[in-house]
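# Geometric and topological summary
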Amino acid sequence: MTSAAPFACAPLLKTIARGAKGARPLSADETRTLFDAILADRVAPAELGGVLIAYRIKGETPVELRAMLDAAHATFTPLTAPENAPPPVLLPSYNGARKQPNLTPLLALLLAREGIPVLVHGQHHSGANRVGTQAIFAALGHDACRSGAEAEAALRARRVAYLPIAALSPSLERLLEMRAALGVRNSGHTVVKLLQPFAGPALRLVNYTHPEYKETLGEMFANAANSPAPGVLLARGTEGEPVADARRQGAIDGFSDGAHRVWQDAEEGASGAPPALPSADAESTARWIEAVLAGDVTIPAPIARQVEVIRQALGVAK
């Protein structure tokens, strides 16, 4: 705990901790006050665990998520995007590979070579038995940035940057690390996938793993204030990563200033002949990505389509 005055959660826990059927949502102001206190390390460990487990059971409403996101944005200084370039694309990468190779770096580098700035943010690790994006970028010669200023410089120089959440917001990193104590993810893991850390416009790729989150996020982004242009592309994650599943074409929904558009319908089964993918370890994945970028291996069709959707959403001519 910091030297700041402790924040008493008991009155709010009476609202959110009554189980899946008895719990009620907090107002926007109540949620913002609560998460400001959490991110300022003003909540005692027992109460913090209670809040996070309560939300794990209850689930967050769109209003609560927006208030949590506002609290998260207040923990860091907004970044400046490169000049004379399209709006940046944001790839939240917090899960890593477990069974399939983690191809988030491939998506980032495919966009970057077309002049589209791409900020990938995540954790230095992705949990047990997972291969995180940071390790793959390191094998590709892209070191993690140590600050927002380094990320800005990398985006100007080569249009791609990997920024650990600990370098952007230590407060959010601390919240994510509560997973080790509680054994499950918490609201922070949802909020970091919604971050828009730039001072100006940016296109967010937001992914979900559980179907109920698609409904919650769709309702949230249908509010124009929550999806300012160029907006949000919402799709099911590939093991929690924002890159399209290389084996099959998934659906891609878009929201821009509240307007909804279906960019891509889901297709049943595999997309043509299943691509020959590498092993999931960082070194094998990195060498395979290099082969794709060199043209020696064909870009998997769903990822090529994802790149095209991103281009169109940004209004970038081919």
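Small disclaimer: the values here were computed from a predicted structure and weren't measured. (Residues numbered from 1 in each chain as written. Predicted model: local features only at pLDDT ≥ 70, side-chain atom pairs only at ≥ 80, totals over all residues. Heavy atoms only, no water.)

### Here's the deal with the pattern of salt bridges
On inspection of all chains with the given rule, the structure shows 11 salt bridges. Between R311 and E114 there is a salt bridge, and its shortest N-O distance comes to 1.9 Å. Of this pair, R311 sits in helix 15 (residues 301-314) while E114 sits in the loop between helix 6 (104-112) and strand 2 (118-122), and the two are 197 residues apart along the sequence. Residues joined by salt bridges that share partners form a network here, namely E114, E308 and R311. (Salt bridge = Lys/Arg side-chain N within 4 Å of Asp/Glu carboxyl O. Helix = DSSP H or I, 4+ residues; strand = E, 2+ residues; numbered from the N terminus.)

### Focus on the UniProt feature "domain: Glycosyl transferase family 3 N-terminal" (unreviewed entry) in the protein chain
Following the UniProt record, one finds the feature "domain: Glycosyl transferase family 3 N-terminal" (unreviewed entry) at residues 11-72. Spanning residues 11-72, this segment combines 76% helix with 0% strand, and its end C-alpha atoms are found 22 Å apart. (UniProt positions renumbered as here; feature names shortened; annotations may be inferred.)

### Considerations on the side chain of N207
Within the secondary structure, N207 sits in strand 4 (residues 203-208). A polar contact is formed between the side chain of N207 and the side chain of K193, at a distance of 3.2 Å. Apart from the residues lying within four places of it in its own chain, the contact partners of N207 are P92, K193, A235, R236, G237, G240, E241 and P242. (Polar contact = N/O pair within 3.5 Å; in protein donor to acceptor, adjacent residues only side chain to side chain. Contact = heavy atoms within 4.5 Å.)

### Remarks on the nonpolar core
Soluble globular proteins: nonpolar side chains tend toward being buried together. Formed by 53 residues in total, the largest nonpolar core has its most connected members in L34 and L195. In this structure, this core is formed jointly by two domains, domain 1 (9-59) and domain 2 (89-314), each of which donates at least three residues. Residues contacting L34, with those up to four places away along its chain left out, are F7, C9, L12, L26, V51 and Y55. Membership of the second largest hydrophobic core comes to 40 residues, among which are I116, A246, A286 and I310. (Core = buried A, V, L, I, M, F, W, Y, C linked by side-chain atoms within 4.5 Å. Buried < 20%, exposed > 50% of the residue type's maximum accessible area, 1.4 Å probe, protein only. Domains from an automatic or database assignment.)

### Some details on the domain arrangement of the protein chain
Where interface size is quoted, it is often the accessible area lost as the parts come together. The domain boundaries assigned to the protein chain delineate domain 1 (9-59) and domain 2 (89-314). Distance from the C-alpha centre of domain 1 to the C-alpha centre of domain 2: 28 Å. Counting residues at the interface gives 11 residues for domain 1, matched by 10 residues for domain 2. Here domain 1 packs against domain 2, burying approximately 910 Å² in sum over the two surfaces, 73% of which is carbon and sulfur. (Buried area = accessible area lost by both parts, 1.4 Å probe.)

### Looking at the environment of G237
Relative to the helices and strands, G237 is located in the loop between strand 5 (232-236) and strand 6 (252-256). Residue G237 is classed as buried on the basis of its relative accessible area, which comes to 18%. Spatially, the C-alpha atom of G237 lies 19 Å from that of Y162, the residues being 75 residues apart in sequence. If we ignore the near neighbours within four places in the chain, the residues touching G237 are N207 and Y208.

### As for helix 8 (residues 148-158)
Along helix 8, the residues classified as buried are G148, A151, E152, A154 and L155. Each buried residue of helix 8 sits inside an arc of 165° when the element is viewed along its axis, so together they form one side. Opposite the buried face of helix 8, at more than 90 degrees from it, the exposed residues are A149, R156 and A157. Structurally, helix 8 contributes buried residues whose contacts are with strand 2 and strand 3 (160-164). Backbone geometry just after helix 8 places R159 at a positive phi near 70°. (Arc of directions from axis to C-beta.)

### Structural notes on unusual backbone geometry
For residues that are not glycine, phi is negative in most cases, and the peptide bond is trans in most cases. Put simply, A229 and P230 share a cis peptide bond, and its omega is 5°. Here P230 shows up in the loop between helix 13 (211-221) and strand 5. Phi angles above zero are rare outside glycine, and D41 is one such case at about 60°. As for its placement among the helices and strands, D41 is situated in the loop between helix 3 (28-39) and helix 4 (45-58). Of note in this structure, R159 is not a glycine but carries a positive phi near 70°.

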